[in-house]
Amino acid sequence: MKRTFLIVFCLFLSLSYGFAQEKAVATFVKITHDFSEIQETGGDVSTDFVVKNTGKTPLVINRVTASCGCTTPDWTKAPIAPGKTGLIKATYSPKGRPGPFSKSITVYTNAVEPSSILVIKGDVLMAEK
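Everything numeric in this text was worked out from a predicted model, so none of it was measured.

J.: What should I look at first to understand the packing of aromatic side chains in this one?
T.: Centre-to-centre distance and the angle between the planes together describe a pair of aromatic rings. Under the defined criterion, the tally for this structure stands at two aromatic pairs. Here Phe35 and Phe101 contribute two aromatic rings whose centre-to-centre distance is 6.4 Å and whose plane-to-plane angle is 35 degrees, an arrangement assigned as tilted. Of this pair, Phe35 sits in strand β2 (residues 32–39) while Phe101 is found in strand β7 (residues 99–109), placing the two residues 66 residues apart along the sequence. Across the pair, Phe101 and Phe35 agree in class, each one buried. With centroids separated by 3.9 Å and ring planes inclined at 10 degrees, the aromatic side chains of Tyr92 and Phe101 adopt a geometry described as stacked.

Put into structure tokens, the structure is as follows:
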């Protein structure tokens, strides 16, 4: 009985590993972007995070959320084929927010690792009065 259980368990692990290898894999070129110093009155600033599907099935970005309302994400809505790339665009609004900032953007996908965290940071220089 123990031997049968062990054989079934090993078979289950083998199949699970095989299915995991068939999933999409989200590989980011960078996970942090530093805007450095930006002007409070200079308008919104944006950066693109490139994500490459290094897996074997299409990568789907289900949703992207920002840690606050001052950051607006946009992303590739179509499935990303294996070997191809997509974008997550993060736009930060510095108006009325002088001082250093660090904001996170969480990307939810169908990949082996279902979520990834990206970071934008910088220092907003106060407007002259």
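Let us keep going from here.
J.: How should the environment of Glu113 be read in this particular structure?
T.: With respect to the helices and strands, Glu113 occurs in the loop between β7 and β8 (115–125). Judged by its relative accessible area of 57%, Glu113 is exposed. Spatially, the C-alpha atoms of Glu113 and Ala26 are 7.7 Å apart, while their sequence positions differ by 87 residues.

Parameters and conventions
- Residues numbered from 1 in each chain as written.
- Predicted model: local features only at pLDDT ≥ 70, side-chain atom pairs only at ≥ 80, totals over all residues.
- Heavy atoms only, no water.
- Phe/Tyr/Trp six-rings, centres within 6.5 Å; stacked < 30°, edge-to-face > 60°.
- Helix = DSSP H or I, 4+ residues; strand = E, 2+ residues; numbered from the N terminus.
- Buried < 20%, exposed > 50% of the residue type's maximum accessible area, 1.4 Å probe, protein only.

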